[in-house]
Amino acid sequence: MAQSSTARRLDEALPQSVAKQPAFGGGEPPAPPVRPNPTIGSNAWVGTLMFLGAEAMFFAGLIGAYIVFRVGSAIWPPPFQPRLPVGVTGVNTLILIASAVTMRFSLKAVRVNDRKMLIRCLTYTAVLGGIFLLIQGFEWLRLIHFGLTVSSSVYGSLFYTLIGFHGLHVFGALIWLLVVLVRAKQGRFSREGHVGLQTCCMYWTFVVALWPVLYGLVYLY
Amino acid sequence: MTVINRYVSFWLGQIMKPKWIVFLCSGLTALIANPLTIQACSVCVTGAGDPTADAFNWSVLFLMATPYAVVGSIAGGLFLAYRRAVAKREQTETPEPIVHLAWNDKESGR
């Protein structure tokens, strides 16, 4: 019997005695339970991540252009052009970094449902961001007064393009932050739902992390 | 011998003649010697150690590395978020669903 069963052709049907039946019930055994992949974040989170990647590439293009002119020039800054305010901008850098810290604290506050702390941290962040922009604007006015304009030289056009676009991004982030602050005061954010705050925090962290790179490249190098 | 083989062997026979070899070598030498032919490369005109060439080289290297850094950062962020979500699910969920207990392959005779 064993020999005949081993010699059986593969396309032959199984004999009835071989086919096993389940001990109870019938049909196929139940499918294993579906275990979906865990959710790693909201669609807004992933979208913001992609957006920040595009923003990073945009600034990489500007930095690449700056490197071409900076490394290619024997004398930098060019003669008869004012020097950039390194000290004041250094302090401004610390202010911007402090705003990123308060922004992170706001995210921690919403995760423990501490609404008062959330509003306080968001307010601090907005104030620090506003101070950064005011100091930048004041320094720009001084530089224009000393003769550094967009059309004065390649130095001026690169400076205003690179630093100006960053300032524009900080301004946009500040408007976004004010909207988030108003929504936080309305009680729209909770421990379970705070996507708007999270994406704003990501964007703010990006513009803050970008600034030391630009400061080192444009002001110190 | 097919038609193509005949065609190829004919032209190989023509090219391998000494006068054609001299003509080809002369043409290649003229192309290399003429500086106009290398002006398509933006950094080849200047010599080694030239600031303009260095500037282009550094800029190209930077722009070449940036996409890798950006995509790597995004992928790393997604990977860390996934790891965190898996660890969180392992802590919160029961290890074995009850539906598994409803069917035992060994006892069912399969």
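Residues numbered from 1 in each chain as written. Chains lettered and ligands numbered in written order. Predicted model: local features only at pLDDT ≥ 70, side-chain atom pairs only at ≥ 80, totals over all residues. Heavy atoms only, no water.

(A) Examining the overall build of chain A more closely. A tally of regular secondary structure across chain A gives 6 helices and 0 strands. Here the contacts in chain A between residues at least 6 apart in sequence split such that 80% fall between residues at least 24 apart. (Helix = DSSP H or I, 4+ residues; strand = E, 2+ residues; numbered from the N terminus. Contact = heavy atoms within 4.5 Å.)

(B) Quick look at the nonpolar core. Core analysis: the largest hydrophobic core is formed by 56 residues, its most contacted members being Leu122, Phe159 and Leu197 of chain A. Once you skip the residues sitting within four places of it in the chain, Phe159 of chain A turns out to touch Leu84, Trp140, Leu143, Leu148, Gly164, Val218 and Tyr219 of chain A. (Core = buried A, V, L, I, M, F, W, Y, C linked by side-chain atoms within 4.5 Å. Buried < 20%, exposed > 50% of the residue type's maximum accessible area, 1.4 Å probe, protein only.)

(C) Broad picture of helix α3 (residues 51-92) of chain B. Its 42 residues place the ends of α3 of chain B 60 Å apart at the C-alpha level, agreeing with the 62 Å of an ideal helix rising 1.5 Å per residue. Among the residues making up α3 of chain B, those that are buried are Ala53, Ala55, Ser59, Thr66, Val70, Ile74, Ala81, Ala85 and Arg89 of chain B. Buried positions along α3 of chain B lie against α2 (43-72) of chain A. (Expected span 1.5 Å × (residues − 1).)

(D) The layout of surface pockets, seen in detail. The volume enclosed by the largest pocket comes to roughly 1,400 Å³. Lining the largest pocket are 42 residues, and of these Trp45, Arg111 and Gln198 of chain A together with Ala81 and Arg84 of chain B sit closest to its centre. Among the secondary structure elements, those contributing two or more residues to the lining of the largest pocket are α2, α3 (86-111) and α6 (195-220) of chain A together with α3 of chain B. Here the lining of the largest pocket gets 14 residues from one element, more than from any other, and that element is α3 of chain B. Class assignment of the residues belonging to the lining of the largest pocket gives a composition of 24 nonpolar, 11 polar and 7 charged. (1 Å grid on protein atoms, 1.4 Å probe; cavity = no way out; pocket = protein on both sides within 12 Å on 5 of 7 lines; lining within 4 Å. Points joined across faces, edges and corners; volume = space filled by probe spheres on them. Nonpolar A, V, L, I, M, F, W, Y, C, P; charged D, E, K, R; others polar.)

(E) Inspection of the packing of α2 of chain A against helix α5 (residues 154-185) of chain A at higher detail. Residue and element names in this part refer to chain A. Here α2 crosses α5 at 165 degrees, and the two axes come no closer than 10 Å. Taken together, the axis directions place α2 and α5 in an arrangement best described as roughly antiparallel. Read as a crossing pair, α2 and α5 show a hand that is left-handed. Contacts between α2 and α5 pair Glu55, Phe58, Phe59, Leu62, Ile63, Ala65, Tyr66 and Phe69 from the former with Val154, Leu158, Thr161, Leu162, Phe165, His166 and His169 from the latter. By residue class, the composition of the contact of α2 with α5 is 11 nonpolar, 3 polar and 1 charged. (Axes fitted to C-alpha atoms, helices over the stretch in contact; angles between N-to-C directions. Parallel < 35°, antiparallel > 145°, perpendicular 65-115°, else oblique. Left-handed = near helix turned anticlockwise from the far one by under 90°.)

(F) Spatial organisation of the packing of aromatic side chains. Within this structure, the stated rule accounts for 15 aromatic pairs over all chains. The interplanar angle of 90 degrees and the centroid separation of 5.9 Å between the aromatic rings of Trp20 of chain B and Phe23 of chain B together place this pair among those described as edge-to-face. Of the two residues, Trp20 of chain B and Phe23 of chain B are both situated in helix α2 (residues 18-33); the distance of 3 residues between them amounts to about one turn of the helix. Each residue in the set Phe132, Trp140, Phe159, Tyr160, Trp211, Tyr215 and Tyr219 of chain A is aromatic and connected to the rest through ring pairs, giving one cluster. The ring centre of Tyr221 of chain A lies 4.5 Å from the NZ or CZ of Arg70 of chain A, which sits over that ring. (Phe/Tyr/Trp six-rings, centres within 6.5 Å; stacked < 30°, edge-to-face > 60°. Lys NZ or Arg CZ within 6 Å of the ring centre and 35° of its normal.)

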